[in-house]
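Summary of structural features
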Amino acid sequence: MPIVFAPDEKATEAIGTTIAHHLLPGDVVTLEGDLGVGKSALARAIIRARLGDRDLEVPSPSFAIIQPYPGILHADLYRISEEAELDELGLLDDEAAILLVEWPQRAPSLFSRSGLRIGIAMAPDKDGRLITLETLGREAGDLVAALAPWQHQSPQ
């Protein structure tokens, strides 16, 4: 799967919009990366694109743990201490909802449900973010082609 480069917030939004157009109802998308690397920014772009509202207020779910939207659940599991808490939260109750999960490593069983695994890191040699995408269990050719403008070229 590709590694794409987002030099700024505008590119992150464009990449999120592209990803949003390739998601299907019921998809589970995991977003991994260190604190402050841009997981919520990418999720925000995906949510706004899916709902067709560029100005929609999309707060981070850090304290609420889950922010619901029509057809989408955005979760931040950073404060989860045990995976069993997912049952109490109802995170998996709506099988048709797209589920965006930050800090999925707090609930390892989600990886088996994930259709798209996204890793985000700060680019080591320049400003911006490197975003790694791995699709699990389905063809990704259309998504890879759509992300071509941001493909990261590794230095030789």
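Look up: the structure comes first, before these words.
Notes on the structure in this doc start here. (Residues numbered from 1 in each chain as written. Predicted model: local features only at pLDDT ≥ 70, side-chain atom pairs only at ≥ 80, totals over all residues. Heavy atoms only, no water.)

Observations concerning the nonpolar core
- Ranked by size, the top nonpolar core spans 28 residues in total, and within it I15, I19, L100, I118, I131 and L133 carry the most contacts.
- Contributions of two or more residues to this core are made by β1 (3-6), α1 (9-20), β2 (28-32), α2 (39-51), β5 (98-102), β6 (116-122) and β7 (129-135).
- With residues near it in sequence (within four places) discarded, I19 still touches I46, L116, I118, L133 and L143. (Core = buried A, V, L, I, M, F, W, Y, C linked by side-chain atoms within 4.5 Å. Buried < 20%, exposed > 50% of the residue type's maximum accessible area, 1.4 Å probe, protein only. Helix = DSSP H or I, 4+ residues; strand = E, 2+ residues; numbered from the N terminus. Contact = heavy atoms within 4.5 Å.)

Description of the packing of α1 against α2
- Contact geometry for α1 and α2: axes closest at 7 Å, N-to-C directions at 50 degrees. Between α1 and α2, the angle is such that the two are oblique. In the packing of α1 onto α2, the handedness of the crossing is right-handed. Contacts between α1 and α2 involve E9, T12, E13, I15, G16, T17, I19 and A20 from the former and A41, L42, A45, I46, A49 and R50 from the latter. (Axes fitted to C-alpha atoms, helices over the stretch in contact; angles between N-to-C directions. Parallel < 35°, antiparallel > 145°, perpendicular 65-115°, else oblique. Left-handed = near helix turned anticlockwise from the far one by under 90°.)

What about unusual backbone geometry?
- Phi at I65 is positive, roughly 75 degrees, even though this residue is not glycine.
- Note on placement: I65 falls in the loop between α2 and β3 (66-69).
- Accessibility expressed as a relative area gives 12% for I65, which makes it buried.
- A positive phi angle, close to 60 degrees, is found at W103, a residue other than glycine.

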